[in-house]
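# Structural overview for review
One-letter residues, chain by chain:
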Amino acid sequence: MAKNIKKQDERKSNIPTEQETTKENTLYYEEGMTVQDVADGFEVAVTEVIKKLMGLGVMASKTQSIDRETIELLALEFEYTVADKQVTDVTRFDEIKIDEDEEDLEERPPVVTIMGHVDHGKTTLLDTIRNTTVTAGEAGGITQHIGAYQVIKNGKKITFIDTPGHAAFTEMRARGAKATDITILMVAADDGVMPQTIEAIDHAKAAEVPIIVAVNKIDMPGANTERVMQQLSEYNLLSEDWGGDTIFCNISALTGEGVENLLEMIQLTAEIEQFKANPNRLASGIVIESELDKGRGPVATLLVKNGTLKVGDILVAGDTYGKVRAMEDETGETLETVPPSKAAEITGLHEVPLAGDSFMVFEDEKQARQVSEKRTHRTWQDEKGVNQAVTLDALFDSFKDEDLKELRIIIKGDTHGSIEALKASLEKIEVEGTTIDVIRASVGTISETDVTLAYASGAIIIGFNVRPNAAVRDTAKEKGVDIRLYNIIYKALEEIKMALTGMLDPIFEEVVTGEAEVRDIFKVSKLGTIGGCYVTNGVINRDSLVRVLRDGVVVFEGEMASLKRFKDDVKSVREGFECGIRIDKFNDIKVGDVIEASIEKEIPRQ
């Protein structure tokens, strides 16, 4: 055990020191830097910077912001270099950039993501690669789906991330592109470029990773590889055969034709790019998949990007933290360590992180817990909209939709699939005058953090196949947070519809009950003017709303102050009888006016 601890201590921390982030004659750029900030960075008087700016044809005061291009021109004048400001805030570990010494770096396997339109053969290609590269001695090969796996080609490893390919998982696919080194763009030779193909190109380009095009189904009738090359050239993916720099591989994922060549092209690209990492650091990387396992609790597949992950490590993943209890790879083998570019399924986290979250190992549990709490609080603020700038559009919309009622919902479930299905169904509910805002949807049991968010934002919590513990139930009861638990989606939708119709202001329809004609006027000094009326139609009730019509024009709308028969107060007077009517806050009654009485009747919402 002592030996293990010694090895762990030898790994460097991932938090850069001040010496690592500060270099002489370097100005660290931040968005929105003012002239004064730049002068302070150059350690010169602000007047000197203003003079240099004037020489560049830029008139600016010391409090005015200047763009990066201008700052770089100034840096040349003052013999400085400009670099991005490096994050050293430990709670923002997913933004931290580590400058490694070249001698500490070692070659690592490339991480590859296969993207493309649904039904273009991504899954078939993955199966073919697995079957052709797994040797008989590997305990039966792939035994479980953990979202990533490694294969060996020419004695070197390649890591594949198996991200979902359907349009509903566009966001997850975008996160997959950020985790990857090389993207394989799958295009069917008989279909050509499709909408999801374009999405995949956008994600790969946004991640700034090399793209290898795999033109699949070359053995199918109607296959036209030339057409695919022509279509992709419109998206700046020009084949090497046409003088471009994009590798195109013609394959048949079904028969395996061309797959070996594709793997060789991946390794060639990896050699050119020279993917390296420092295995002697505390691990950091990305969550590939996550779920709540009824037997093991929160389970996450982690892809190590840098450093080495070990059993017993304390880590923060997204907003949650925990201690690595056990690790397994895609073959079901128990692991003690996981090097860079390898993925492993781990247990030991307190809650389920989101796919695409970053993770990082910390040196002690206290620090990890504090980081987790601060990140949770920041997420809560973001979800509430705290500290977010208000745009004119948003302000205008808030005025425009002033009468719109909003039901806020937090969804917690056992799997991402059930959560997505429930969320999509909720967003399709249409009740006039209402909107549904799902402010959080995540895998895992209902936690006190969820209750706090629901309390702060006025939301209800829906649990699908999950149940809160006694402490969470007590907290919810204390805060008045409504938790609804379901195991059938349509029952949840039915209750939400009822909630939406119930939360709205009721619909009232005006019903005219009667009319009375003013035939005489009596002025009473303390009370005002009383109309001596004859009920010509229907019934006049004491609690009616009244309109005074003069020649068919409404001259007043209001409430009745009193209704009398002779000297007695009465509740109603029917057609054919006389009465005295006094109207609240209106004394300008004239002979010949018609007083129309009405009530508002509540109409149930549909």
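The structure we're discussing is the one just above.
The structure contained in this document is the topic of the report that follows. Because the structure is predicted, anything quoted here is derived from the model rather than measured. (Residues numbered from 1 in each chain as written. Predicted model: local features only at pLDDT ≥ 70, side-chain atom pairs only at ≥ 80, totals over all residues. Heavy atoms only, no water.)

Per the secondary structure count, the protein includes 16 helices and 31 strands. Here the protein holds 606 residues, and the buried ones make up 44% of them. A fraction of 72% describes how many contacts in the protein between residues 6 or more apart in sequence connect residues 24 or more apart. Carbon and sulfur atoms make up 48% of the accessible area of the protein, which amounts to about 32200 Å² in all. (Helix = DSSP H or I, 4+ residues; strand = E, 2+ residues; numbered from the N terminus. Buried < 20%, exposed > 50% of the residue type's maximum accessible area, 1.4 Å probe, protein only. Contact = heavy atoms within 4.5 Å. Areas by Shrake-Rupley, 256 points an atom, 1.4 Å probe, with all protein chains shown as cover.)

Taken together, the buried positions of helix H5 (residues 68-77) are occupied by Thr 70, Ile 71, Leu 74 and Ala 75. Each buried residue of H5 lies within a common arc of 145° when the element is viewed along its axis, so the set occupies one face. Turned more than 90 degrees away from the buried face of H5, the exposed residues are Glu 69 and Leu 76. Phi turns positive one or two residues past the end of H5, at Glu 79, with a value near 55°. (Arc of directions from axis to C-beta.)

Core analysis: the largest hydrophobic core is formed by 25 residues, its most contacted members being Leu 125, Phe 160, Ile 184, Ile 212, Leu 262 and Ile 266. Looking at this core, the elements with two or more residues in it are strand S4 (111-116), helix H6 (122-133), strand S5 (148-153), strand S6 (156-161), strand S7 (182-188), strand S8 (211-216), strand S9 (247-250) and helix H10 (259-273). The element that contributes the greatest number of residues to this core is H10, accounting for six residues. When sequence neighbours within four positions are dropped, the list of residues in contact with Ile 184 reads Val 112, Thr 113, Ile 114, Met 115, Ile 212, Ala 214, Leu 262 and Ile 266. (Core = buried A, V, L, I, M, F, W, Y, C linked by side-chain atoms within 4.5 Å.)

Attention now goes to the sheet that holds S7. Spatial strand order, S5-S6-S4-S7-S8-S9: six strands in an open sheet with mixed pairing. Among the strands making up the open sheet, the edge pair consists of S5 and S9. Geometrically, the sheet is characterised by an average inter-axis angle of 30° between neighbouring strands, direction not taken into account. Alignment of S4 against S7, held across five bridges, turns out to be parallel. (Pairing = 2+ DSSP bridges. Axes fitted to C-alpha atoms, helices over the stretch in contact; angles between N-to-C directions.)

Turning next to the packing of helix H14 (residues 448-457) against helix H15 (residues 470-479). Close contact between H14 and H15 brings their axes to 9 Å; oriented N to C, the two are set at 10°. Considered as vectors, H14 and H15 are oriented roughly parallel to each other. At the point where H14 passes H15, the crossing takes the right-handed sense. Taking contact as the criterion, the partners of Glu 448, Val 451 and Tyr 455 in H14 are, on H15, Ala 471, Val 472, Thr 475, Ala 476 and Lys 479. Across the contact of H14 with H15, the residue classes break down as five nonpolar, one polar and two charged. (Parallel < 35°, antiparallel > 145°, perpendicular 65-115°, else oblique. Left-handed = near helix turned anticlockwise from the far one by under 90°. Nonpolar A, V, L, I, M, F, W, Y, C, P; charged D, E, K, R; others polar.)

Let us now look at a nonpolar patch on the surface. There is a patch of nonpolar side chains on the surface, built from Leu 56, Leu 73 and Leu 76 and spanning about 280 Å² of accessible area. With respect to the helices and strands, the residue Leu 73 is situated in helix H5. (Patch = residues over 30% accessible without salt bridge, like charges linked within 9 Å, V, L, I, M, F, W, Y side chains within 5 Å. Salt bridge = Lys/Arg side-chain N within 4 Å of Asp/Glu carboxyl O.)

On to a negative patch on the surface. Where like charges cluster on the molecular surface, the negative patch consists of Glu 226, Glu 240, Asp 241 and Asp 245. Tracing the backbone shows Asp 241 in the loop between helix H9 (225-233) and S9. Owing to a relative accessible area of 69%, Asp 241 belongs among the exposed residues under this scheme. (Lys, Arg positive; Asp, Glu negative; His and termini not counted. Charge placed at Lys NZ, Arg CZ, Asp CG, Glu CD.)

The next point concerns the environment of Lys 366. Assignment of secondary structure puts Lys 366 in helix H11 (residues 365-384). For the pair Lys 366 and Ile 314, spaced 52 residues apart in sequence, the C-alpha to C-alpha distance is 9.5 Å.

Among the structural elements, Val 438 can be located in strand S21 (residues 434-443). In this structure Val 438 comes out as buried when scored by relative accessible area, which is 15%. Excluding anything up to four places from it in sequence, Val 438 contacts Ile 409, Ile 411 and Lys 423.

Next up on the list: the pairing of strand S11 (residues 284-293). Sheet analysis places S11 next to strand S12 (residues 297-306), joined by nine bridges and oriented antiparallel. The residue bridging Ile 286 from the neighbouring strand is Leu 303, located in S12. Hairpin connection between S11 and S12: a loop of three residues separates the two successive antiparallel strands. Bridge count for S11 against strand S19 (residues 358-362) is three bridges, and the pairing is antiparallel. Within S19, the residue paired with Ile 286 across the bridge is Ser 358.

A complete count under the given rule lists 22 salt bridges for this structure. Here Arg 547 makes a salt bridge to Glu 510, at a shortest N to O gap of 2.8 Å. Pair noted here: Arg 547 is in strand S26 (residues 545-550) and Glu 510 is in strand S24 (residues 507-524), with a separation of 37 residues, a long-range link. The closest approach of N and O atoms between Asp 588 and Arg 550, which form a salt bridge, is 3.7 Å. In this pair, Asp 588 is assigned in the loop between strand S30 (578-583) and strand S31 (594-603) and Arg 550 in strand S26, connecting sequence segments 38 residues apart. Owing to a relative accessible area of 36%, Asp 588 belongs among the partly exposed residues under this scheme.

Glancing now at the pairing of strand S22 (residues 459-464). Most of S22 is tucked away, with six of its six residues classed as buried. The alternating pattern of S22 places Ala 459, Ile 461 and Gly 463 on one face and Ile 460, Ile 462 and Phe 464 on the opposite face, and all of these are buried. Looking at chain direction, S22 and strand S23 (residues 483-486) are connected through four bridges and run parallel. Its bridge partner lying in S23, Phe 464 is registered against Tyr 486. In the classification by handedness, the crossover that spans S22, the intervening H15 and the parallel S23 is right-handed. (Right-handed = clockwise from strand over helix to strand, strands pointing away.)

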